[in-house]
Amino acid sequence: MSDSGDGVIRRVGMFGGAFDPPHGAHRSLAEVAIEQLGLDVLHVLPTGQAWHKARPLTDASHRVAMCQLAFGDLPRARIDDREIHRQGPSYTADTLAELRREYPLAELYLVLGADQLLAFRSWVRWQDVMSLARLAVAARARSIGAQALDQPAEEADLSGVDLPFVPLTMPLNPVSATAVRARLAAVGPDAAALDLLVPAPVASYISQNHLYQTPT
Ligand code: ATP
């Protein structure tokens with residue numbers, strides 16, 4: 001287990017997502033969060049069947065494998081597949097409550113992008129989330145759909161958000177998993193088409209496993 005050098009775990013991050021697939025902005029967000037928040041450990045949690053995503057997700061074993069490839073070399077990141085094994089929908093409040101029990105003395109941070117902050121009050125038991133963890137938020141483009149890479153990125157406006165959060169300093173990155181899937185469905189399993197969008201080992205994995213060949 002990583003720690004600040006004295007064996008004490010003081011700051012723990014939770015970074016959840018569908019990671020379908022994990023892409024370059026996910027990777028940057030994990031790096032920035034670890035560095036800027038001084039995290040001793042960042043739990044990266046591929047979700048089971050996310051309650052807020054209508055689309056069926058790619059098989060969990062693939063998403064976990066791609067997370068290992070995307071984040072596994074970050075010494076303080078830990079791929080945590082507990083939500084995959086949970087029965088029923090995954091709620092962040094439940095995962096944070098578990099992390100609180102596992103790290104009773106640590107400060108907990110929930111790492112997320114601005115799109116999720118803007119939707120935060122629709123989350124199940126969002127007040128519990130707020131009482132368990134501080135929110136650490138990266139800027140995100142306003143448009144995050146399939147066309148996200150085709151137009152100049154404009155930053156989502158957080159000025160109306162009246163919840164406390166720690167801003168993470170990360171350059172705006174317009175990539176979204178939706179745009180990656182759309183590009184793959186359009187060009188086929190050509191790893192070169194993904195070069196700047198997903199970490200190279202993830203691009204190879206997608207190509208080898210023929211993932212995302214049809215539009216979703
Ligand atoms: P999809 O396009 O399938 O909805 P996504 O790209 O939004 O996926 P998720 O796995 O849903 O990826 O996101 C996990 C977390 O990473 C969320 O908190 C999300 O806000 C954040 N995130 C994803 N992409 C970016 C980005 N380009 N910049 C900042 N944060 C991001």
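We now turn to the structure provided with this report. (Residues numbered from 1 in each chain as written. Predicted model: local features only at pLDDT ≥ 70, side-chain atom pairs only at ≥ 80, totals over all residues. Heavy atoms only, no water.)

### Let's talk about the overall build of the protein chain
Within the protein chain, the regular secondary structure consists of 8 helices and 6 strands. Along its sequence from the N terminus, the protein chain presents helices and strands in the succession β-α-β-α-β-α-α-β-α-α-β-β-α-α. Considered along the principal axes of its C-alpha atoms, the protein chain spans approximately 50 × 40 × 35 Å. Classification of the 216 residues of the protein chain by burial places 49% in the buried group. Residue pairs at least 24 apart in sequence account for 76% of intrachain contacts in the protein chain once pairs closer than 6 positions are excluded. For the protein chain, the accessible surface area stands at approximately 10,200 Å², while carbon and sulfur atoms represent 52% of it. (Helix = DSSP H or I, 4+ residues; strand = E, 2+ residues; numbered from the N terminus. Buried < 20%, exposed > 50% of the residue type's maximum accessible area, 1.4 Å probe, protein only. Contact = heavy atoms within 4.5 Å. Areas by Shrake-Rupley, 256 points an atom, 1.4 Å probe, with all protein chains shown as cover.)

### What to know about the pattern of salt bridges
Summed over the entire model, instances satisfying the criterion amount to 13 salt bridges. Notably, a salt bridge pairs E154 with R142, separated by 3.2 Å at the nearest N-O pair. Within this pair, whereas E154 is found in the loop between β5 (134-138) and β6 (166-168), its partner R142 is found in the loop between β5 and β6, the two being separated by 12 residues in sequence. Taken together, the shared-partner salt bridges in this structure form one network comprising D80, R82, R86, E98 and E102. (Salt bridge = Lys/Arg side-chain N within 4 Å of Asp/Glu carboxyl O.)

### Structural notes on the pairing of strand β2 (residues 41-46)
Buried residues dominate β2, accounting for 6 of its 6 residues. Side chains V41, H43 and L45 project from β2 onto one buried face, and the interleaved L42, V44 and P46 project onto a second face that is buried too. The sheet contact formed by strand β1 (residues 11-17) and β2 spans 6 bridges and is parallel. Each bridged residue has a counterpart across the sheet, and for V12 the counterpart in β2 is V41. You can see the chain leave β1, run along helix α1 (residues 24-37) and come back into β2, and the turn it takes is right-handed. Bridging between β2 and strand β3 (residues 77-79) involves 3 bridges; their strand directions are parallel. The residue bridging H43 from the neighbouring strand is R78, located in β3. (Pairing = 2+ DSSP bridges. Right-handed = clockwise from strand over helix to strand, strands pointing away.)

### A closer look at the packing of aromatic side chains
Enumeration according to the criterion identifies 5 aromatic pairs in this entry. Geometrically, the ring pair formed by F15 and F19 is edge-to-face, given 5.2 Å between the ring centres and 80° between the ring planes. Of the two residues, F15 and F19, neither departs from the other in class, the shared state being buried. With centroids separated by 5.6 Å and ring planes inclined at 70°, the aromatic side chains of F19 and F71 adopt a geometry described as edge-to-face. Separated by 52 residues along the polypeptide, F19 in the loop between β1 and α1 and F71 in helix α2 (residues 60-71) bring together distant segments of the chain. With respect to burial, F19 and F71 carry one shared label: buried. Through pairs of rings, three or more aromatic residues link up here, namely F15, F19 and F71. (Phe/Tyr/Trp six-rings, centres within 6.5 Å; stacked < 30°, edge-to-face > 60°.)

### With respect to the nonpolar core
Judged by nonpolar contacts, the single largest core of 39 residues is most densely connected at L37, F71 and L168. Broken down by element, this core gets its largest block of residues, 7 residues, from α1. With sequence-adjacent residues up to four places away left out, F71 is seen in contact with F15, F19, P22, H26, R27, A30, V44, A77 and I79. Listed in part, the 27 residues of the second largest apolar core include V12, A156, V161 and L163. (Core = buried A, V, L, I, M, F, W, Y, C linked by side-chain atoms within 4.5 Å.)

### Remarks on the sheet that holds β1
Paired through their backbone hydrogen bonds, the strands of a sheet run either parallel or antiparallel. On the basis of which strands lie adjacent, the open sheet formed by 6 strands has the order β3-β2-β1-β4-β5-β6 and parallel pairing. Each edge of the open sheet carries a strand with a single partner, namely β3 and β6. Sheet twist, expressed as the average angle between the axes of neighbouring strands with direction ignored, equals 25°. (Axes fitted to C-alpha atoms, helices over the stretch in contact; angles between N-to-C directions.)

### Quick notes on the environment of A133
Turning to its location among the elements, A133 is positioned in the loop between α6 (126-132) and β5. Here A133 falls in the buried class, since its relative accessible area comes to 6%. If we ignore the near neighbours within four places in the chain, the residues touching A133 are L96, L108, Y109 and L110.

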